[in-house]
Structures are given as structure tokens and as C-alpha cells.
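Chain by chain, the residues run as shown.
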Amino acid sequence: MLPPPPKKSHLNELAPKSQGLNHPLFQCAVLILPWLNPQELATISFTCKTLHQLALSVTLHRSLDASRSFENLPIPFHNTVDQYPYAYFIYTPSQIIPSPSFPYLQRQSWGPNNLLSQLGPNSSQGQALSGSSSSDAEMGCAYFQRSRVADDSMWVSVVGESACVCERCLKVTEDNVIGCPCMELEGAEWMGILSECGPSCRCGLECGNRPSQRGIRVQLKIVKDVRKGWSLYAAQWIQRGQFVCEYAGELLTTKEARRRQQIYDELASGGHFSSALLVVREHLPSGKACLRINIDATRVGNVARFINHSCDGGNLSTVLVRSSGALLPRLCFFASKDINEDEELTFSYGEIRVKPKGLQCFCGSSCCLGTLPSEHT
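Residues numbered from 1 in each chain as written. Predicted model: local features only at pLDDT ≥ 70, side-chain atom pairs only at ≥ 80, totals over all residues. Heavy atoms only, no water.

Looking up the protein chain in an unreviewed UniProt entry gives the name Histone-lysine N-methyltransferase SUVR3, with the organism given as Theobroma cacao. The Subcellular location (unreviewed entry) comment attached to the protein chain in UniProt states, word for word, "Chromosome". (UniProt positions renumbered as here; feature names shortened; annotations may be inferred.)

Next up, the structure:
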């Protein structure tokens, strides 16, 4: 929540009325404000009424879509509990590997593209800007612009080379012949593993063997609960078996995951912090080994970071999805039952509880064990 607008500021004297929002100060602010975190945005809003109004526009925009338009549908925040209209984090629609040359993503633009027009079409300041060029503002913020990193260059690809050459991917062809080789692992569905076509396959995203690669296609919303905090809800009826979302975040080494978990445990001891570091173990067919995957969505993730635990297993099933040619599987959520509109989405975090004084569970199910699952990272 932003503070009330200041009554008077020396910055108003720096922007003559004849220039209005055409002043380089405000044009530069339009580029910078979407990149600020909530604390920085609140500080800026103290300076003058114009910046306060622009900061309010950024805040409203953020509360309307957590996905920053990365997803097919907007995913809004709803909060009637406190004054914080949204949760701040860096959004990624899929799992990422931090690049050694850029190990931590510090900033991400999150705000309206036409921030100036948010002052209203009838505003004299807005009209003055509508006919002006943004080149002056871009030149005035040249240093800031140079510090940007293109989204596509931040992530390290995990894609291999194998692929199918099917034009229509079928498990069995019309001639009763074994079809798409990408479906060979479908016999392992009972193990919670699903095989899909990969990025190098000839078929496109319309292929029926890519249910988890077309992004989120169901309406969701993030609701603040007085006990659980932010929670993910269905904003429409979801059919059993339908893909909901992927658990996206930073892929970490086990060493880094353990280092971060120690930090998270210390922060959680204060009672006002909750991490989203998930450890997934895929048992190999031999049964003698397993592949460990550490996904941290605490600071960089997607809406799946808001899915809470339920001791009864919840209404989502976790499936490891292997795409042909990919080195690592992705953890995806599918509806394990029909889900009604306005129903919270939950799944089981696990059965192990190694911490006798673990975090309290508020799932509310009849079989609630009182504490959240926990194990050694």
C-alpha cells in the first residue's frame, strides 16, 4: 500500500507547469517505476503528487496480473485481509538455470506499458504527453536502459537434440503400428511420469502430446487468507485431469539448495517468512538410484509458489513431465478431481515430518496432522 500523496514537494519546482509530464524527470520516472520493488515505489511516491499518481498506477497494474502477461490469462490478486495489494517476486513461466555470468536476476519490469496514459485521457498532462516522443526520456535514462538484460539471454537452455519427426503424434497409428516415439514412457504414468514431445520435434504446440507446454489455460486467482497467507484459487470450474500449471523456479544444485534452506529456516523462525524451495526425487527404473531436482520459487517463480499443502492430498496431482530432448523433467500440476470455481488449489507436500516443532498446518482437512511436512534438504 502506498502512503497518501505529499501536499508539497520541491520536485514540483523542478518540473515547470509549461512542461508538465514532458519534463525529463517524469519521462525518466515512467521508464524506471515499473522496475522498482514495493519499498522503492513507496519511497518515490512521497516526493510529489505526480509521481504518487504514477506509482499508484503501477501498484494497481501489479494487483491485476501476477504473471506480467507471461501467461495466456491474467492472474489477479485479491486481498481483504491487510493493506498489501500484491506479493512481489520475479516471474518466470518455466524452470530456469541461473547463468554463471548473471547468477541472480535482480530486476524485472512489472507495470503498464502506457503508464503516462494512466493519468486519464482528459488530463492536460496526459494529453501533452500523448503527442510527445519518448526518445528524450530514453536518452535521459540511457544508463538505466543499458543495465537491462534481455529476458531470453538470462536463462540457460536445458534442451538436448532428440526429437520425433511425426506430423501427427499418436501412440498407435491407424494401421495399429507403434506411433510417436515420444510417447514411449507413457507406460510409466503410474509412477507419476508423463512423456511429451519436445521443442525440437516436428509437431507444433497444437500437438495433443504437449498438454503442459501451452501455458496456463485455466482462470486462476491469488487470494490472501488470514491464516495461510497468499493462496492459489480456481477462478473457473476445472475438469479432472486438466493441466493447471508448472512449478517454475530456479534449478539449484543440492549444495546451493541446502545453503539456501538454512537461510530460509532462520528467517522462518521469526514467523513472518515462508520459502518455496521444493525438492523432487525421480526414482529411476532400476530402482537403485533417483534423480534429485531442487526448484526454488521463493524469489523467482510463477503462481505455483502460492499453492498450499493439504494433509488429505488436495485436489492437484504432481506429475514429472519429460519432454523429448530435455535433460531434466518438469514438475507439473494436473487436477486430480473436478475443481469448483472459488475452490483453493492444494497438494500434499509429503508425508515426512522431521522437525518436531514444524510450521503449523492450516489446511483444515479432517485428517490434518497439525504441522507441515518437513525433511532434511
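It is worth spelling out helix 3 (residues 38–45) at this point. Residues separated by three or four positions in an α-helix point in the same direction, a consequence of the helix having 3.6 residues per turn. Every buried residue of helix 3 is listed here: L41, A42 and S45. Angularly, the buried residues of helix 3 cover 100° about the axis, an arc narrow enough to put them on a single face. Turned more than 90 degrees off the buried face of helix 3, the exposed positions are Q39 and T43. As for helix 3, its buried residues are in contact with helix 4 (49–64). Measuring from the backbone nitrogen of Q39 back to the side-chain oxygen at the start of helix 3 gives 3.1 Å, which picks out N37 as the cap. (Buried < 20%, exposed > 50% of the residue type's maximum accessible area, 1.4 Å probe, protein only. Helix = DSSP H or I, 4+ residues; strand = E, 2+ residues; numbered from the N terminus. Arc of directions from axis to C-beta. Contact = heavy atoms within 4.5 Å. Polar contact = N/O pair within 3.5 Å; in protein donor to acceptor, adjacent residues only side chain to side chain.)

Enumeration over the complete set of coordinates arrives at 14 aromatic pairs. Here the aromatic rings of F347 and Y349 are separated by 5.1 Å at their centres, their planes lie at 50°, and the arrangement is tilted. The exposure class of F347 is buried, given its relative accessible area of 5%. Among the aromatic side chains, those forming a connected cluster through ring pairs are F70, F77, Y86, Y88, F89, Y91, W110, W230 and F306. The ring of F89 carries R68 above its face, with NZ or CZ at 4.9 Å from the centroid. (Phe/Tyr/Trp six-rings, centres within 6.5 Å; stacked < 30°, edge-to-face > 60°. Lys NZ or Arg CZ within 6 Å of the ring centre and 35° of its normal.)

Residues I193 and S195 line one face of strand 3 (residues 193–196) and the alternating positions L194 and E196 line the opposite face, and both faces are buried. Direction of pairing for strand 3 relative to strand 11 (residues 316–323): parallel, over a ladder of four bridges. Among the inter-strand pairings, S195 is bridged to a residue of strand 11, identified as R322. (Pairing = 2+ DSSP bridges.)

Attention now moves to the sheet that holds strand 1 (residues 77–78). One open sheet accounts for three strands, arranged 1-4-5; its pairing is mixed. Single-partner strands in this sheet number two, and they are strand 1 and strand 5 (229–234).

Here we take up the sheet that holds strand 3. Taken in spatial order, the four strands of this open sheet run 3-11-12-6, and their pairing is mixed. Looking along the sheet, the strands with just one partner apiece sit at the ends: strand 3 and strand 6 (243–246). Taking the axes of each pair of neighbouring strands and ignoring which way they run, one obtains an average angle of 35° across the sheet. One ladder, built from six bridges, connects strand 11 with strand 12 (residues 330–335); its direction is antiparallel. Residue pairing for strand 12: L316 is matched across the bridge by A335. (Axes fitted to C-alpha atoms, helices over the stretch in contact; angles between N-to-C directions.)

Further remarks concern the nonpolar core. Of all hydrophobic cores here, the largest spans 51 residues; its most connected members are F77, L220, I222 and Y247. Sort the elements by how many residues they give to this core and helix 4 lands first, with four residues. (Core = buried A, V, L, I, M, F, W, Y, C linked by side-chain atoms within 4.5 Å.)

Another point: the packing of helix 3 against helix 4. Running from amino to carboxyl end, helix 3 crosses helix 4 at an angle of 150°, the nearest separation of the two axes being 8 Å. The angle between helix 3 and helix 4 falls in the class roughly antiparallel. The residues of helix 4 that touch helix 3, namely those facing P38, L41, I44 and S45, are L51, H52, A55, V58, T59 and R62. The class makeup of the residues in the contact of helix 3 with helix 4 is six nonpolar, three polar and one charged. (Parallel < 35°, antiparallel > 145°, perpendicular 65-115°, else oblique. Nonpolar A, V, L, I, M, F, W, Y, C, P; charged D, E, K, R; others polar.)

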